[in-house]
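So you can see what is in the structure, the chains are spelled out below.
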Amino acid sequence: MKEFFNVETIEAVLAQVADFPIVDTEEILLAECLGRVLAEDIASDVDIPDFNRSTMDGFAVRASSTFGASEANPAYLAVKGQISMGVRPDITIGPGEVARIATGGMLPEGADSVIMVEHTDILDDTTIEAYRSVAPGQNIIEKGEDILKSEPALPCGRRIRPQEAGLIAACGRTMVTVFRRPMVGIISTGDEVVPVNQVPGQGQIRDINSHSLSGQVLEAGGVPVTFGIVKDSRDDLMERCRRALQTTDMVLISGGSSVGARDFTVEVLDALPDTEILVHGISISPGKPTILARSGHKPFWGLPGHAVSAMVVFAVVVRPFLDRLCGLSQTTKKFPVQAVLNRNLASAQGRVDYVRVRLFESDGTVMADPILGKSGLIHTMVKADGLIAIGMNTEGLYQGSVVEVIPL
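Remember, it's a predicted structure, so these values are computed and weren't measured experimentally.

1. Observations concerning the sheet that holds strand 17 (residues 250–254)
A sheet is described by the order of its strands in space; here six strands give the open sequence 16-13-17-21-20-18, paired in mixed fashion. Only two strands of the sheet have a single neighbouring strand rather than two, namely strand 16 (223–230) and strand 18 (275–280). Neighbour to neighbour, the strand axes of the sheet diverge by 20° on average, direction disregarded. For strand 18 and strand 20 (residues 291–295), the ladder comprises five bridges, and the chain directions are antiparallel. Pairing of Val279 across the sheet is with Leu292, part of strand 20.

2. Focus on the packing of aromatic side chains
In the structure shown here, the tally under the stated rule is two aromatic pairs. Aromatic pair Phe20 and Phe321: ring centres 5.7 Å apart, planes at 70°, arrangement edge-to-face. On the criterion of sequence distance, the pair formed by Phe20 in the loop between helix 1 (10–14) and strand 1 (25–29) and Phe321 in helix 6 (residues 307–326) is long-range, its members being 301 residues apart. Taking relative accessible area as the criterion, Phe321 reaches 1% and is therefore assigned buried. Aromatic ring contacts, followed pair by pair, group Phe20, Trp301 and Phe321 into a single cluster. Across the ring face of Phe20, the terminal group of Arg294 is positioned such that the distance to the ring centre comes to 5.1 Å.

3. Quick word on the domain arrangement of the protein
Accessible area lost on assembly of the parts is the figure often given for the size of an interface. Along its sequence, the protein is organised into domain 1 (10–23 + 181–326), domain 2 (26–48 + 159–179), domain 3 (53–141) and domain 4 (337–407). Once you take the C-alpha centre of each, domain 1 and domain 4 turn out to be 26 Å apart. Contact with domain 1, which involves 13 residues of that partner, is made by 15 residues of domain 4. Buried surface at the junction of domain 1 and domain 4, both sides included, amounts to about 1,200 Å², of which 72% is carbon and sulfur. Together, Ser283, Ser285 and Val308 form the three largest contributors to the area buried by domain 1 at its contact with domain 4, with a combined 41%. Applying the counting criterion to the domain 1 and domain 4 interface returns five residue pairs in polar contact (both at pLDDT 80 or more). Mapped by element, the contributors of at least two residues to the side of domain 1 that touches domain 4 are strand 19 (284–285) and helix 6.

4. Concerning the nonpolar core
Within the largest apolar cluster, 40 residues are counted, with the highest numbers of intra-cluster contacts made by Met250, Leu252, Trp301 and Leu322. Among the elements that line this core, the one with the most residues is helix 6, at 13 residues. Not counting residues within four places of it along the chain, the set of residues in contact with Met250 comprises Met183, Val184, Gly185, Pro299, Trp301, Val318, Phe321, Leu322 and Leu325. Residues Phe227, Ala244, Leu272 and Ala293 belong to the second largest nonpolar core, which totals 19 residues.

5. Structural notes on the pattern of salt bridges
Applying the stated criterion across every chain yields a total of 15 salt bridges. Here Glu267 and Arg234 are joined by a salt bridge, their closest N and O atoms 2.8 Å apart. In this pair, Glu267 is assigned in helix 5 (residues 265–271) and Arg234 in helix 4 (residues 234–247), connecting sequence segments 33 residues apart. Overall, Glu267 belongs to the partly exposed group, its relative accessible area being 41%. The exposure class assigned to Arg234 is partly exposed, which follows from its relative accessible area of 28%. For Arg243, the salt bridge is made with Glu239, and the minimal N-O distance between the two is 3.6 Å. Separated by four residues within a single helix, Arg243 and Glu239 lie in helix 4, roughly one turn from each other. Taking relative accessible area as the criterion, Glu239 reaches 38% and is therefore assigned partly exposed. Each of Asp24, Arg180 and Asp249 takes part in a single network of salt bridges with overlapping partners.

6. Digging into the side chain of Ser347
If you trace the backbone, Ser347 turns up in the loop between strand 23 (345–346) and strand 24 (352–362). In this structure the side chain of Ser347 is engaged in a polar contact, spanning 2.7 Å, whose partner is the side chain of Asp353. Setting aside residues up to four positions removed in sequence, Ser347 forms contacts with Asp353, Ile390, Thr394, Glu395 and Gly396.

7. A look at the pairing of strand 21 (residues 298–303)
By the criterion of burial, strand 21 is predominantly enclosed, with six of the six residues buried. Going residue by residue along strand 21, you find Lys298, Phe300 and Gly302 tucked away on one face and Pro299, Trp301 and Leu303 tucked away on the opposite face as well.

8. Section: unusual backbone geometry
Peptide bonds are trans in most cases, and residues, glycine excluded, mostly fall at negative phi. Between Ile48 and Pro49 the backbone carries a cis peptide bond, its omega angle lying at -10°. If you trace the backbone, Pro49 turns up in the loop between strand 2 (42–43) and strand 3 (53–54). Each neighbour pair has its own omega, and for Ser285 with Pro286 the value is -5°, a cis peptide bond. Tracing the chain through its elements places Pro286 in the loop between strand 19 and strand 20.

9. A closer look at the packing of helix 3 (residues 209–219) against helix 6
It is at 10 Å that the axes of helix 3 and helix 6 come closest, and there the two elements cross at 25°. The orientation of helix 3 with respect to helix 6, classified from their angle, is roughly parallel. Handedness of the crossing formed by helix 3 with helix 6: right-handed. Together, Asn209, Ser212, Leu213, Gln216, Val217 and Glu219 of helix 3 and Ala307, Ala310, Met311, Phe314, Ala315, Arg319 and Leu322 of helix 6 make up the contact between the two elements. The class makeup of the residues in the contact of helix 3 with helix 6 is eight nonpolar, three polar and two charged.

Rules of the game
- Residues numbered from 1 in each chain as written.
- Predicted model: local features only at pLDDT ≥ 70, side-chain atom pairs only at ≥ 80, totals over all residues.
- Heavy atoms only, no water.
- Pairing = 2+ DSSP bridges.
- Helix = DSSP H or I, 4+ residues; strand = E, 2+ residues; numbered from the N terminus.
- Axes fitted to C-alpha atoms, helices over the stretch in contact; angles between N-to-C directions.
- Phe/Tyr/Trp six-rings, centres within 6.5 Å; stacked < 30°, edge-to-face > 60°.
- Buried < 20%, exposed > 50% of the residue type's maximum accessible area, 1.4 Å probe, protein only.
- Lys NZ or Arg CZ within 6 Å of the ring centre and 35° of its normal.
- Domains from an automatic or database assignment.
- Contact = heavy atoms within 4.5 Å.
- Buried area = accessible area lost by both parts, 1.4 Å probe.
- Polar contact = N/O pair within 3.5 Å; in protein donor to acceptor, adjacent residues only side chain to side chain.
- Core = buried A, V, L, I, M, F, W, Y, C linked by side-chain atoms within 4.5 Å.
- Salt bridge = Lys/Arg side-chain N within 4 Å of Asp/Glu carboxyl O.
- Parallel < 35°, antiparallel > 145°, perpendicular 65-115°, else oblique.
- Left-handed = near helix turned anticlockwise from the far one by under 90°.
- Nonpolar A, V, L, I, M, F, W, Y, C, P; charged D, E, K, R; others polar.

Structure, rendered in structure tokens:
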């Protein structure tokens, strides 16, 4: 077992992400894929679009027939016909000719652009005048301009949003191979913790962490599996940990990671078969007494009992490990929001301080207002829009500093 509370840097902890395997895959219906992570590269079976198509209601034309056209000197063009939707046109457009076309219609042979109907006047059934010129390719989408046949359209490891689902549909896929949602076991510990539906007695507190951590797991694409509250009993905790490891891909214990005679997490982890404690202590505040272990091939976390500490550690440290289990590629990370700090903020050296902030706008500038409070006060997280990190070699930040806010 590692020396007790031999703290590691955040970077050293995150460097171990790649040591854990990704979950296995499954095939699901396209209609069910939103929020899932692709486990395959997606390519189209056709060019998208598979024809030159109009992006405007107007007239398909050879651009050269409109060169020099203006309101003072319109181009007079012969109407050769009308393009029907959903079929290949059976007409060819020559010099000085046009054909009526609707948005999405297929350009006839010979046409290379579309004149917007707003830039024309209809003189009779066979003639229009155009008082704007168009360039080749204007107001059309060319064949394969969106996606080329057989070229990668979406890479493995991307989370599927509505736009990705639309692209997959355009590629003709009704079934998609995705990574299975990781199952994350959540255990709350402590004699003082009681169920939510129970009125706390003196010295007791309702089980906040099972619910806040479950929400964070869901937001990250995992499936939370709660294993209830375990009192301060080594045997009970051992039994609950064994059950969680049998049925889930990652385990989170909240409480029991700090220094104390009644904290059994380290002892239980040390006793579990094929389990190694990798980290006991991270140079982070809040959340210093965090534990990371590997049980078999599964990450096992001991999180602080304070609600804010547990949520901050999850957001900053645990989430990248869960992203790894989900199969997410590195290119799908969220980027922080830049804001200006609205007050001086002190910090202790030797650790990274994560401070909750509220965002607001002042004279067109996004401002970050620190929300100070102890790590057991859940309302401070409710008020917060994100977190800012103060580096371990920094004594604080001055008012007016540009900071990066990690969204919550």
